[in-house]
Amino acid sequence: MQPTVYPPETLRRIAIYDLDRTITRAPTWTPFLLHAVLRHAPWRLALLPVVLGAAALKGAGLIHRDRLKQVMHRAALGTLSPARAERLAADWLVRFGPAQIRRKARAQIAADRAAGYRIVVATAAYRFYAEAIARDIAADALIATATAIDSRGHLLPRIAGGNCYGPAKRAMIEAWLAAEGIDRAAAYVRVYSDHVSDVPSFDWADEAIAVNPHAALRRVAAKRGWRIVDWND
């Protein structure tokens, strides 16, 4: 296990946090959808067989994870106005956040901020509901999966610009850095995640921290000497 690293004072410090099972104890997408359906549109439960069928196809390797995500979005939410999406996310977070946002994640975010790090959440979750958590933890920026937008500005059940997952997440982080005018050579980046899909981002970072890693990431972290931390509490 590697010790804590202290970067040179001349470098801009950026701490990038995965969301599901890193900041939160549990995944966020399904709980958010269940909240939206049960409290705001119970008639959409009639579309559950569609979702289960798509999940079975994903499990059999017949459709991609992105397609399953879009099917779930269409069945549970349909097309959303930005205002309705914001209300759903805020209402959901009131119930989800207190139990599911890790106390140790909040503590590490506070410690990183005190050490001069800019706090960034990078997640495959859709931006329209991940923003609620990003605001709750006072993140400085959010890099997330976007939805397509129609001519009225409403959110469509279709991914726009790629799912922020695996290699695509790393590319989106690099694009964000460039958009912010931050020279990678002049920045010190640490990345926190629980999942092996974030190895591309770990490889790119100056410091990789595996948070409650699942078995595949734990093996990679042990082999490469990445720091492993326990945020269970």
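For the structure itself, consult the block above.
Residues numbered from 1 in each chain as written. Predicted model: local features only at pLDDT ≥ 70, side-chain atom pairs only at ≥ 80, totals over all residues. Heavy atoms only, no water.

Enquirer: What should I look at first to understand the overall build of the protein in this one?
Expert: Summing up its helical and strand segments, the protein has ten helices and seven strands in all. Against the 2.2 N^0.38 benchmark of 17 Å for 233 residues, the protein shows a C-alpha radius of gyration of 18 Å, consistent with a compact globule. In terms of principal-axis extent, the alpha carbons of the protein reach across some 55 × 35 × 30 Å. In the protein, which comprises 233 residues, the share counted as buried stands at 48%. Accessible area for the protein stands at about 11,000 Å²; split by element, carbon and sulfur atoms hold 57% of it. (Helix = DSSP H or I, 4+ residues; strand = E, 2+ residues; numbered from the N terminus. Rg over C-alpha atoms; globule rule 2.2 N^0.38 Å. Buried < 20%, exposed > 50% of the residue type's maximum accessible area, 1.4 Å probe, protein only. Areas by Shrake-Rupley, 256 points an atom, 1.4 Å probe, with all protein chains shown as cover.)

Enquirer: What should I look at first to understand the pairing of strand β6 (residues 207–211) in this one?
Expert: Regular strands have side chains that alternate between both faces of the sheet. Within β6, five of the five residues are buried, leaving the element largely enclosed by the surrounding structure. Side-chain alternation along β6 places E207, I209 and V211 on one buried face and A208 and A210 on a second face that is also buried. As paired elements, strand β5 (residues 187–193) and β6 share four bridges and run parallel to each other. Paired with Y192 across the bridge in β6 is I209. Viewed along the sheet, the connection from β5 through helix α9 (residues 199–204) into β6 turns out right-handed. Pairing analysis gives three bridges linking β6 to strand β7 (residues 227–229), with the strands arranged parallel. The residue of β7 that forms the bridge with V211 is V229. After leaving β6, the chain enters helix α10 (residues 215–224) and then returns to the sheet as β7, a path that is right-handed. (Pairing = 2+ DSSP bridges. Right-handed = clockwise from strand over helix to strand, strands pointing away.)

Enquirer: Can you walk me through the pairing of strand β3 (residues 141–149) in this structure?
Expert: Counted residue by residue, β3 has seven buried out of nine residues, so it is predominantly covered. The sheet contact formed by strand β2 (residues 117–126) and β3 spans five bridges and is parallel. The residue bridging V120 from the neighbouring strand is A141, located in β3. In this fold, the crossover linking β2 to β3 by way of helix α7 (residues 127–136) has right-handed handedness. Inspection of the sheet shows β3 paired to strand β4 (residues 155–160) by three bridges, in the antiparallel sense.

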